[in-house]
Amino acid sequence: MSGITRRSFTVGAAALGVTTFNIGRARAAEFSYKFANNLALSHPLNKRAAEAAAKIKEETGGRFELQIFPSSQLGSDTDTLGQIRSGAVDFFTLSGLILSTFVPAASINGVGFAFKDYDTVWKAMDGKLGDFIRAEIAKSRTIFAFDKQWDNGFRQTTTSTKPITSPADLANLKIRVPPAPLWTSMFKAFGSAPATINFNEVYSALQSKVVDAQENPLAIIETAKLYEVQGYCSMTNHMWDGFHFLANRASWEALPKDIQAVVSKHINAAAIAERADVADLTKGLQETLASKGMKFNTVDQAPFRDKLKAAGFYTEWKGKYGDAAWAVLEGAVGSLG
């Protein structure tokens, strides 16, 4: 495990009567932990994570170093989820919708058309709904989630063939979705042909016409340059998605309490700052993407929600999550009927 090796060395050196203070400062941090994510360096998450890493290193006197591996450098989302569970990676930011392949309740915030705006999102995710999800993640015993969730944004639908103006436009559409059941279920309810593809393969899948469409927040559409292979962007706002900052439990428990406190403080503060960054970025992104050739349209969400109700989508997922979990969700967003 990456965080323990250096500590084992310093303890062994101390037992031999060697002064370890200068060795640690000259060679390496006492704890050097890996943080993996699937986003470009230009995304606000990586910018704020880098700031947090610098503050943590300074406040711990160089004892803790956070090494950032962006852009799926350590593997796909599913690969890295396995690595954080095993301890090969110490920290990982992951959508709850993908985490749901391991912790089913983690996807509940992504139920289609549940959130109407950001005020509703943050009241829920910093409140009872977020507490419920984090408790479910903690039950895994191998990982846990930090208190503050990072923003990924409301998800929009892009295509290479046509704008999405009504539920009928989704029928038979070959659309990429992340490897999580909630996405597949929702688009099947619309009559689409969803294909599960990891994010690091999305651009090539669109370019080669394996799929004709995908869905992501504007910030990712821009930073991943998806506008180069997609001509239309329909502002469906069909899901809100965020990133849990996950830790391998054994790696975390190997840290002294004082270092844990410093890391938690700066990671959670960075999450709050990243939320504001994404909000500011999103304001100008529609204009930016339009200047790069994307054609935008807005949609009336009511027919889409009605289609999901008629298809039994909400009833199906209430059954899967359970009455108690569904009650927490509806307590935050209102009745989904």
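Residues numbered from 1 in each chain as written. Predicted model: local features only at pLDDT ≥ 70, side-chain atom pairs only at ≥ 80, totals over all residues. Heavy atoms only, no water.

## A few points about helix 6 (residues 118-125)
Here is step 1 of the chain: Those residues of helix 6 lying buried are T120, V121, W122, A124 and M125.
Here is step 2 of the chain: Taken together, the buried residues of helix 6 touch helix 7 (128-138), strand 5 (150-154), strand 11 (240-248), helix 12 (257-291) and helix 15 (323-333).
Here is step 3 of the chain: Two or three places before D119, at the start of helix 6, stands the capping residue D117, its side-chain oxygen 3.4 Å from that residue's backbone nitrogen. (Buried < 20%, exposed > 50% of the residue type's maximum accessible area, 1.4 Å probe, protein only. Helix = DSSP H or I, 4+ residues; strand = E, 2+ residues; numbered from the N terminus. Contact = heavy atoms within 4.5 Å. Polar contact = N/O pair within 3.5 Å; in protein donor to acceptor, adjacent residues only side chain to side chain.)

## Side note on the side chain of N152
Here is step 1 of the chain: Topologically, N152 is positioned in strand 5.
Here is step 2 of the chain: Of the polar contacts made by the side chain of N152, one reaches the side chain of D241; its length is 2.9 Å.
Here is step 3 of the chain: Other than its neighbours up to four places away in sequence, N152 contacts P217, I220, D241, G242 and F243.

## Things to note about the nonpolar core
Here is step 1 of the chain: Ranked by size, the top nonpolar core spans 54 residues in total, and within it L99, V111, F115 and F313 carry the most contacts.
Here is step 2 of the chain: For F313, the residues in contact, after removing those within four places along its chain, are V111, G112, L182, S185, M186, A189 and L308.
Here is step 3 of the chain: Ranked by size, the runner-up nonpolar core spans 45 residues in total, among them F146, W150, I267 and L285. (Core = buried A, V, L, I, M, F, W, Y, C linked by side-chain atoms within 4.5 Å.)

## Details of the packing of aromatic side chains
Here is step 1 of the chain: Scanning the model with the defined rule gives 23 aromatic pairs in all.
Here is step 2 of the chain: Between the aromatic rings of F146 and F245, the centroid separation amounts to 5.3 Å while the plane-to-plane angle is 85 degrees, which identifies the pairing as edge-to-face. Note that F146 is positioned in the loop between strand 4 (143-145) and strand 5 and F245 in strand 11, a separation of 99 residues in sequence.
Here is step 3 of the chain: Given the relative accessible area of 4%, F146 is considered buried.
Here is step 4 of the chain: Taking the relative accessible area as the measure of exposure, F245 reaches 1% and is therefore buried.
Here is step 5 of the chain: Arranged with centres 5.4 Å apart and planes meeting at 40 degrees, the rings of W317 and Y321 form a pair that is tilted. Of this pair, W317 and Y321 both sit in helix 14 (residues 313-321), 4 residues apart, roughly one helical turn. For the pair formed by W317 and Y321, the shared burial category is buried.
Here is step 6 of the chain: By the ring-pair criterion, three or more aromatic residues cluster together here, those being F31, Y33, F35, F64, F91, F144, F146, W150, F245 and W252.
Here is step 7 of the chain: The cationic tip of K320 hangs over the ring face of W317; the distance from NZ or CZ to the ring centre is 4.4 Å. (Phe/Tyr/Trp six-rings, centres within 6.5 Å; stacked < 30°, edge-to-face > 60°. Lys NZ or Arg CZ within 6 Å of the ring centre and 35° of its normal.)

## What about the pattern of salt bridges?
Here is step 1 of the chain: Following the criterion strictly, the structure yields 15 salt bridges and no others.
Here is step 2 of the chain: Between R249 and E253 there is a salt bridge, with its nearest N and O atoms 3.9 Å apart. Here E253 and R249 lie together in helix 11 (residues 249-253), a separation of 4 residues that amounts to about one turn.
Here is step 3 of the chain: On the basis of relative accessibility, which here comes to 23%, the residue R249 falls in the partly exposed class.
Here is step 4 of the chain: Under the relative-accessibility criterion, E253 is labelled exposed at 54%.
Here is step 5 of the chain: Bridged by salt links that share partners, the residues E30, R63 and D258 form one connected network. (Salt bridge = Lys/Arg side-chain N within 4 Å of Asp/Glu carboxyl O.)

## Quick look at the pairing of strand 2 (residues 64-69)
Here is step 1 of the chain: Sheet topology note: the strand 1 (residues 31-36)/strand 2 ladder contains 6 bridges and is parallel. Each residue of the ladder has a partner; that of F31, found in strand 2, is F64.
Here is step 2 of the chain: Viewed along the sheet, the connection from strand 1 through helix 3 (residues 44-59) into strand 2 turns out right-handed. (Pairing = 2+ DSSP bridges. Right-handed = clockwise from strand over helix to strand, strands pointing away.)

## A word on empty space enclosed by the protein
Here is step 1 of the chain: Applying the stated criterion across every chain yields a total of 3 cavities of 30 Å³ or more.
Here is step 2 of the chain: The calculated volume of the largest cavity comes to roughly 120 Å³.
Here is step 3 of the chain: Along the walls of the largest cavity sit 16 residues, with N38, I98, N152, R155 and N216 positioned nearest its centre.
Here is step 4 of the chain: Counting only elements with at least two residues in the lining of the largest cavity, the list comes to strand 3 (91-95) and strand 11.
Here is step 5 of the chain: The class makeup of the residues in the lining of the largest cavity is 8 nonpolar, 4 polar and 4 charged. (1 Å grid on protein atoms, 1.4 Å probe; cavity = no way out; pocket = protein on both sides within 12 Å on 5 of 7 lines; lining within 4 Å. Points joined across faces, edges and corners; volume = space filled by probe spheres on them. Nonpolar A, V, L, I, M, F, W, Y, C, P; charged D, E, K, R; others polar.)

## Some details on the side chain of S107
Here is step 1 of the chain: Here S107 lies in the loop between helix 5 (96-99) and helix 6.
Here is step 2 of the chain: Exposure remark for S107: the relative accessible area of 1% places this residue in the buried category.
Here is step 3 of the chain: Polar contacts involving the side chain of S107 include one to the main-chain carbonyl oxygen of P104, which spans 3.3 Å.
Here is step 4 of the chain: Among residues more than four places away in sequence, those in contact with S107 are G96, L97, S100, L182 and Y321.

## Structural notes on unusual backbone geometry
Here is step 1 of the chain: Phi is positive for S72, which is not a glycine, with a value near 55 degrees.
Here is step 2 of the chain: Secondary-structure assignment places S72 in the loop between strand 2 and helix 4 (77-86).
Here is step 3 of the chain: Judged by its relative accessible area of 14%, S72 falls in the buried class.
Here is step 4 of the chain: A positive phi is found at N172, a non-glycine position, where the angle reads about 65 degrees.
Here is step 5 of the chain: As for its placement among the helices and strands, N172 is situated in the loop between strand 6 (156-159) and strand 7 (174-177).

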